[in-house]
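Fold and contact review
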Amino acid sequence: MSVYISRPDLHWPLWRQRLHWWRHDPMKADEIISLDLETTSLDPRRADILSIGAVLIRQGKMLVGERLELYVEPPPSLDAESIRIHKLRRMDLEGQLNIREALEHLRGFIGNRPLLGYYVSFDIAVLNRHFRRYGMPRLTNPRIEVSALYHRKVSRLFPDVHLDLRFDTLSRALDIPVTGRHTALGDAQTVSLMFLKLLKGPVPKPY
Amino acid sequence: MPDNFNFEAAPFDTLSEYERNLLRSALSVGYYVPGETLIEPGSTTLALYIVLKGVVEERGKDDQLFAHYGPDDLFDVRGLFAGQTRHAYRAVEESIVYELNAKMFHELCERNAPFASYFQASLAAKRQLARRDGQNLAEFILTRIAREHLLPAVEVSADLSLGEAARTQLEVGADALLVRLEGGFEGLGIVTRTDLMAAHFQRRLSDDTPVGTLAHQPLAVVELGDFLFDAMILMTRQRIERVVVRQGSQPVGLLHLTQVLSLFSTHSHVLALRIARAETLDELQRAAETLDTLIATLEGNGIRLRFIMQLVSALNEQLLARVFEQSVPAAFRSRCCLVVMGSEGRGEQLLKTDQDNALIHADDISSEDALTWMAHFNEALKGFGYPQCPGGVMASNALWCKSVSEWRHELQTAAQEGRPEQLLRLSILMDAYPVAGNEHWFSSIQAQLSTWSDQGERWLSDMALAALQFDTPLTLFGGLKTSGERLDIKRGGLFPIVHGARILALRKGLMVRGTLARLQVLGKHGVLDQHMADNLAETFELFVQLRLSQQLAGDRSGLRQGLDVSRLSRAERDLLRFSLHVVKKFKQTLGRQFHLDTR
């Protein structure tokens, strides 16, 4: 049984927390948050958050119960093009949380746990832009990138192969059942299953 | 709300929306690599596991395999109620498994009665099935013959006078007397009340006549501790009303039909009597019609299938023998032999299927005569509800109505030429069993069959290949493969076992009747691993059982061969899946034994 690394104390100074994650692999943390956002655009400088999904992975198990699913009031940038992808219409989002409350909720949920995601740097960049807008500190949590993990694992066995890192290819190669694609929570759950499989399972056969 | 969790599957469909949310809040998902243990034996059961993907196996103490769990299956319910898990659960392939923690499980059980009863019911059913399925667990049977069932066995010497004998009988309230003719158990004969009566009133024998002259031999004997069923079948076969029960070489008592009847709530013997006493074909037909009802009653009473099969074939044989008597002139009956084949020949027929029969007649009977009788015979059977064989395996067909020398010649040429149609006929003939006429004609054919493989060994693998022609209905992941909720149990499960056992028996020259008996003998001779033979026997019985109960519940025609998997309980599906794995393994064994993989 692998040994899990406990989180650094929340009250430690930032440098000490970073030192902790430098000494220990965030992938081995006993608690990890898998995070996904639905946004209005794919440009982190312009994207507005529509919904936030997050689920907790504790000691190698995804806890379906420990999850966060937030919908945010529609931003003005919500247009027809992005609606086609995430299927969240303006009327679906009317009367939901305002963005500031949502960010606070999220902050409380993730704490200082490592963040797991698919192209997680995009999500974190978008979040950090919003945090800055509302005068909140940015996220300094360590990151785990599921596609990089996949790449590392596969290319070790097939060094020359040109890897297709699209989300659907990953889920197919890892044989993960996908439900709720393009919903924040659904993607977060799929990603955490991918992560668990990459962590423990055999080397997947690339497509 | 995105959700992988299948709330449509029982028992989760009984949960309300609020309870579903409760369930979600306590749910986690684990991923396991092959070989990883989910639950250690003896550990506290922390969660209800629901398989989303993959296969998990359950193994007992000595690494004995209990079950495979596939998608949507749940375990370990027993452990949740007992607090502790008895068996080890291990992932066979990569598995994604939901885990509902035990606290929430019990809370849901308390909140929702149908939800709870699902688990309790399935637990009971599982336990019952597990008891059935176990290796050396007590047989699933009614009663064994015990002393309290018996009438006293009074032994008298052969020179006792008739009058004395009658008085002794009256004094002790015995129904029959055992007469000592010679030493040892074999030296005993029986004199019944009817015999005494007949001697006195009919034959007008004097009171001083020694009773030894009336005694019947040999005795019909069962052992103390045998199943009542054995006694029943013996009585049915020999048309007698009492059997002697012995322990070792000592007679301990007599078992009378009335005792057996009072213990059995069914009327199998009544039916047998009706068959025996029927004067005309019409009366026979009415008796034949009740046969199905009898099977349904027996099955409903939970009587073990191998006993039902034995009893039903005994009755069927009698029926056929009676029809045979009606069709063939008395003078020729001892000059020919009627054999049945197929499931009837193996003694495994339950509901009426098509008739498979053949005639072996003496060389001096003209084949025209034989064919005329047999046409009448087949016609009568058809009237009884036995449909004609579409493959023409009937005694009225010239191909299946031959003289002894023709049959012998055919076996001989089959061994030399090995043409596919000859081999097919041979494997049909392997199941032959004499039911009427003179068995002598059959035994000469059987003797030749038992040595057939000396010459025909090289054709055996061609014959064995047929057992592998249908795929086992299992998916790549070890789940059940169905086509539209139906699973072809006859082709995928029964046929490989029946045919495989048949061919192995032919190779070894083991002339035993019935698949179960064949498997047992094959195990004993070391042709099959003993464990494998036992498993196959259980598997065979399970398949027949499942098929029978669905046939009884639904249409009786037996034409819809598929098994409706959706009507099976989860526990039954478990067993079915495990059984199919046994079949798969058996097919591999066959492949190795006959070198089929290189063809």
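Predicted, not measured: the structure shown is a model, and the values here were computed from it.

**What to know about the overall build of chain A**
Scanning chain A from terminus to terminus reveals 8 helices and 5 strands. For chain A, the N- to C-terminal ordering of α and β elements is α-β-β-β-α-α-α-β-α-β-α-α-α. With 207 residues in all, chain A has 36% of them scored as buried. For chain A, the share of sequence-separated contacts (at least 6 apart) that also reach a separation of at least 24 residues comes to 69%.

**Let's talk about the pairing of strand S1 (residues 31–39) of chain A**
Residues and elements named next belong to chain A. When you tally the buried positions in S1, you get 8 out of 9 residues, the bulk of the element. Here 9 bridges tie S1 to strand S2 (residues 49–58), and the two strands are oriented antiparallel to one another. If you follow Ser-34 over to S2, its bridge partner there is Val-55. Pairing geometry for S1 and strand S4 (residues 115–117), over 2 bridges, is parallel. Each residue of the ladder has a partner; that of Ser-34, found in S4, is Leu-116.

**Thoughts on the packing of helix H7 (residues 228–238) of chain B against helix H11 (residues 305–327) of chain B**
All names here are of chain B. At a closest axis distance of 10 Å, the pairing of H7 and H11 adopts a crossing angle of 10 degrees. The orientation of H7 relative to H11 falls into the category roughly parallel. Each of Phe-229, Ile-233, Thr-236 and Arg-237 in H7 lies in contact with H11, whose residues at this interface are Phe-307, Gln-310, Leu-311, Ala-314 and Leu-315. A class-by-class count of the residues in the contact of H7 with H11 yields 6 nonpolar, 2 polar and 1 charged.

**Re the nonpolar core**
A:Leu116, B:Val191, B:Val339 and B:Ile360 are the most contacted members of the largest nonpolar core, which has 201 residues in total. Top element by residues in this core is H11(B). It accounts for 11 residues. Other than its neighbours up to four places away in sequence, B:Val191 contacts B:Ala165, B:Ala176, B:Leu177, B:Val179, B:Leu196, B:Val211, B:Leu214 and B:Ala215.

**Here's the deal with the sheet that holds strand S1 (residues 27–32) of chain B**
With mixed pairing, the 9 strands of this open sheet are ordered in space as S5(A)-S4(A)-S1(A)-S2(A)-S3(A)-S1(B)-S8(B)-S3(B)-S6(B). The outermost strands of the open sheet, each flanked by one partner alone, are strand S5 (143–145) of chain A together with strand S6 (74–75) of chain B. Two strands pair when backbone bridges link them, and strand S3 (residues 61–71) of chain A and S1(B) are joined in this way by 3 bridges, in the antiparallel orientation. Bridge assignment links A:Leu63 to a residue of S1(B), and that residue is B:Ser28. Packing against the sheet, helix H8 (residues 184–200) of chain A makes contact with S1, S2, S3 and S4 of chain A together with S1 and strand S8 (95–101) of chain B, and its axis sits at approximately 35 degrees to S2(A). Helix H3 (residues 102–111) of chain B contacts strand S3 (47–53) and S8 of chain B of the sheet and is inclined by roughly 60 degrees relative to S8(B).

**Observations concerning the interface of chain A and chain B**
Contact with chain A, which involves 18 residues of that partner, is made by 17 residues of chain B. Broken down by element, the side of chain A that touches chain B gets its largest block of residues, 7 residues, from H8(A). For the side of chain A that touches chain B, the per-class residue count stands at 7 nonpolar, 8 polar and 3 charged.

**Let's talk about the sheet that holds strand S2 (residues 37–39) of chain B**
Note on sheets: strands pair through backbone hydrogen bonds, and any given pair is parallel or antiparallel. Residues and elements named next belong to chain B. Spatial ordering of the open sheet is given by S2-S7-S4-S5, a layout of 4 strands whose pairing is antiparallel. Both edges of this open sheet fall to S2 and strand S5 (65–69), since each of them pairs with a single strand only. Neighbour-to-neighbour, the strand axes of this sheet turn through a mean angle of 30 degrees, independent of strand direction. Sheet topology places S2 next to strand S7 (residues 88–91); 2 bridges connect them, and they run antiparallel. Among the inter-strand pairings, Ile-39 is bridged to a residue of S7, identified as Tyr-89.

**So, the packing of helix H21 (residues 515–524) of chain B against helix H22 (residues 530–553) of chain B**
All names here are of chain B. Where H21 contacts H22, the axes come no closer than 8 Å and their chain directions differ by 170 degrees. Taken together, H21 and H22 sit at an angle that is classed as roughly antiparallel. Contact residues: H21 offers Thr-515, Leu-516, Leu-519, Gln-520, Leu-522 and Gly-523, while H22 offers Gln-530, Ala-533, Asp-534, Leu-536, Ala-537 and Phe-540.

**Comments concerning H8(A)**
Helical periodicity: at 3.6 residues per turn, an α-helix aligns residues three or four positions apart in one direction. Along its 17 residues, H8(A) runs 25 Å from first to last C-alpha, staying within 8% of the 24 Å computed at 1.5 Å per residue. Burial analysis of H8(A) places 15 of its 17 residues in the buried class, which makes it a mostly covered element.

**Some thoughts on the confidence of the model for chain A**
Across chain A, pLDDT averages 87, with 99% of residues at or above 70. In the model of chain A, helix H2 (residues 80–86) of chain A stands out as the element of lowest mean pLDDT, 78, in contrast to S4(A), which has the highest, 94.

**Re unusual backbone geometry**
Cis geometry is found at the peptide bond from B:Phe75 to B:Asp76, where omega equals -10 degrees. Relative to the helices and strands, B:Asp76 is located in the loop between S6 and helix H2 (77–82). Residues other than glycine seldom take positive phi values, yet A:Asp175 does so here, at roughly 60 degrees. Mapping A:Asp175 onto the fold places it in the loop between helix H7 (167–173) and H8. A positive phi angle, close to 55 degrees, is found at B:His595, a residue other than glycine.

**Points about the confidence of the model for chain B**
Residues and elements named next belong to chain B. Here chain B shows a mean pLDDT of 79. Residues at 70 or above account for 88%. Averaged pLDDT values over the elements of chain B bottom out at 59 in helix H4 (residues 113–133) and peak at 91 in H21. Within the model, the stretch residues 126–142 combines pLDDT values under 50 with 15 contacts to residues more than four positions away or in other chains. Scored by ipTM, the complex comes to 0.74, with pTM at 0.48.

**Topic: the environment of A:Ile85**
Residues and elements named next belong to chain A. Along the chain, the position of Ile-85 falls in helix H2. Note on Ile-85: 13 C-beta atoms within 10 Å, which makes it partly exposed. Through-space distance from the C-alpha of Ile-85 to that of Thr-40 is 9.4 Å; in sequence the pair is 45 residues apart.

The rules behind the values
- Residues numbered from 1 in each chain as written.
- Chains lettered and ligands numbered in written order.
- Predicted model: local features only at pLDDT ≥ 70, side-chain atom pairs only at ≥ 80, totals over all residues.
- Helix = DSSP H or I, 4+ residues; strand = E, 2+ residues; numbered from the N terminus.
- Buried ≥ 20, exposed ≤ 12 C-beta atoms within 10 Å, placed from the backbone.
- Contact = placed C-beta atoms within 7 Å.
- Pairing = 2+ DSSP bridges.
- Axes fitted to C-alpha atoms, helices over the stretch in contact; angles between N-to-C directions.
- Parallel < 35°, antiparallel > 145°, perpendicular 65-115°, else oblique.
- Nonpolar A, V, L, I, M, F, W, Y, C, P; charged D, E, K, R; others polar.
- Core = buried A, V, L, I, M, F, W, Y, C linked by C-beta atoms within 7 Å.
- Expected span 1.5 Å × (residues − 1).
- pLDDT = per-residue confidence, 0-100.

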